[in-house]
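An overview of the molecular structure
Okay, here's what each chain looks like letter by letter:
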Amino acid sequence: MLEGRPLQGRALEELIKFLASQDLNYDEGIEYSACILDDDYKIIAAGSVEENVLKCIAVDPHHLGEGLSGSVVSQLIQYEFEHGRSRLVLYTKPKNEELFKSLGFYTVFQTKSVLFMENEKQGFEKFIQAIQEITPIDAKDYGRIVGAIVANCNPFTLGHRYLIEEALKQCDYLHVFVLSDKRTFYGAEDRYQMVLKGTEDLNRVIVHQASDYMVSAATFPTYYLKEKTFANKANCEFDLEMFAEIIAPPLKITRRFVGTEPICRVTGSYNTAMKQILPEYGIEVIEIERKIQGEEVISASRVREAVKKGGFQDAERLVPETTWNYLTQKT
């Protein structure tokens, strides 16, 4: 077994070449890879992980039926457990469903292009149940208008606060899902706490950690779809369809609110897809004009840039007092 945290040099080149032969892309976020070699030291099976996500798993077609997938996945799971990660997920092509079921994974949701699985049999059901347990009883009544916002809040800004306040004017209750992206300036728990503290005076707002059941437009997993443009589109559709089909219905969500996106092209495309897809499921998409400060929109990226450059006074003007207090206490 060839291992790397991650692989480098010639070994990495060989892995990239092997994955390409299996119509897979090597993901730059990979932190660990495990490969099985033949007698000529050529890769015949491989798999990798990033955080709690198993990815880039492939077996040379000439060696199918030899149990190599199981060996690779077992090695990846061992690595994950050694790093304290017991809940694992993966994204793959639907044709691989039976293979990964045999390796202990359960289907959460799939479209014609994307299959999402996890190793906890009722993980998603527990996620929804936890949300329902902290949701006010009358928010579960069909007579109430329940909305949702899904955001990174990296960090939570006056712009996010404005979006929430405006959304509240148009619904009785509002679920705010804070994405659990790993590739962010501020960690998932920090971002969740910032939103929680920044909205604690709004008693009709219910804040949640999105776990792995919602994915940021900027971090869609695309390694298993060869053509990049199609991959981004397929994953965008997957995320929205999953929200519409299995997240919104049990929570009685009928409106999704989003701020206008004049800066990020990827997020702008995602918002366009949202307005096309969600209404097909009876979910109204309401776009709210971004809050302006001076001549610029308030954005989390402006805050991050100010912090990176040491411009803390500039950053302080863009965030609620609760966020500023949280950030200064953490530094």
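Structure's up top.
So, here's what we can say about the structure. (Residues numbered from 1 in each chain as written. Predicted model: local features only at pLDDT ≥ 70, side-chain atom pairs only at ≥ 80, totals over all residues. Heavy atoms only, no water.)

Let's shift gears to the overall build of the chain. The number of helices and strands found in the chain is 11 helices and 14 strands. Relative to its length of 331 residues, the chain is compact, with a C-alpha radius of gyration of 21 Å against a globular reference of 20 Å. By its C-alpha atoms, the chain is 65 × 50 × 35 Å across when sized along the principal axes. Going through the 331 residues of the chain one by one, you find that 52% of them count as buried. Contacts in the chain between residues at least 24 apart in sequence constitute 68% of all its contacts with a sequence separation of at least 6. Accessible surface computed for the chain: about 16,100 Å², of which carbon and sulfur atoms make up 48%. (Helix = DSSP H or I, 4+ residues; strand = E, 2+ residues; numbered from the N terminus. Rg over C-alpha atoms; globule rule 2.2 N^0.38 Å. Buried < 20%, exposed > 50% of the residue type's maximum accessible area, 1.4 Å probe, protein only. Contact = heavy atoms within 4.5 Å. Areas by Shrake-Rupley, 256 points an atom, 1.4 Å probe, with all protein chains shown as cover.)

Right, let's get into the pairing of strand β3 (residues 43-50). Along β3, 8 of the 8 residues are buried, which leaves the element largely enclosed by surrounding structure. Where strand β2 (residues 32-37) meets β3, 6 bridges bridge the pair, whose relative direction is antiparallel. Directly across from Ile36, in β3, lies its bridge partner Ala45. From the end of β2 to the start of β3, which pair antiparallel, there are 5 residues, and Tyr41 there has a positive phi angle of about 65°. Sheet topology places β3 next to strand β4 (residues 53-59); 5 bridges connect them, and they run antiparallel. The residue bridging Ala46 from the neighbouring strand is Ala58, located in β4. Taking the residues between adjacent antiparallel strands as the criterion, β3 and β4 are bridged by 2 residues, where Glu51 takes a positive phi near 55°. (Pairing = 2+ DSSP bridges.)

Ranked by size, the top nonpolar core spans 38 residues in total, and within it Phe177 and Phe243 carry the most contacts. Put simply, the parts of the chain that give this core at least two residues each are β5 (89-92), β6 (106-110), α4 (123-133), β8 (146-151), α7 (228-251), β11 (253-259) and α8 (265-277). It is α7 that provides the largest number of residues to this core, a total of 10 residues. When near neighbours in sequence (up to four residues on either side) are disregarded, Phe243 contacts Ala148, Met214, Ala248, Pro249, Ile253, Arg256, Leu278 and Ile283. (Core = buried A, V, L, I, M, F, W, Y, C linked by side-chain atoms within 4.5 Å.)

For the rest of this paragraph, the subject is helix α9 (residues 300-308). Of the positions making up α9, those classed as buried are Ala300, Val303, Ala306 and Val307. The arc that holds the buried residues of α9, viewed along the axis, is 125°, so those residues lie on one side. Buried-residue contacts for α9 involve α5 (158-168) and α10 (312-316). Looking at the residues trailing α9, positive phi occurs at Gly310, about 80°. (Arc of directions from axis to C-beta.)

Our next topic: the packing of aromatic side chains. In this structure the tally under the stated criterion is 11 aromatic pairs. Centroid distance Phe124 to Tyr213: 5.2 Å. Interplanar angle 80°. Geometry classified as edge-to-face. One end of the pair, Phe124, is in helix α4; the other, Tyr213, is in the loop between β10 (205-209) and α7, and 89 residues separate them in sequence. Overall, Phe124 belongs to the buried group, its relative accessible area being 9%. Joined through ring pairs, the aromatic side chains of Tyr91, Phe109, Phe116, Phe124, Phe127, Tyr213 and Phe238 make up one cluster. Sitting above the plane of the Phe243 ring, Arg256 keeps its charged end 4.6 Å from the centroid. (Phe/Tyr/Trp six-rings, centres within 6.5 Å; stacked < 30°, edge-to-face > 60°. Lys NZ or Arg CZ within 6 Å of the ring centre and 35° of its normal.)

Take the sheet that holds strand β12 (residues 284-288) next. Spatial ordering of the open sheet is given by β10-β9-β8-β11-β12, a layout of 5 strands whose pairing is parallel. A single partner strand is all that each edge strand has here, and the edge strands are β10 and β12. Taking each pair of neighbouring strands and ignoring which way they run, the sheet shows an average axis angle of 25°. Pairing of strand β9 (residues 173-178) with β10, which is carried by 5 bridges, proceeds in the parallel orientation. Within β10, the position partnered with Val178 by the bridge is Gln209. Against the sheet, helix α6 (residues 188-198) engages β9 and β10, with an angle of about 175° to β10. (Axes fitted to C-alpha atoms, helices over the stretch in contact; angles between N-to-C directions.)

Function cannot be inferred from these measures alone, as they are strictly geometric.
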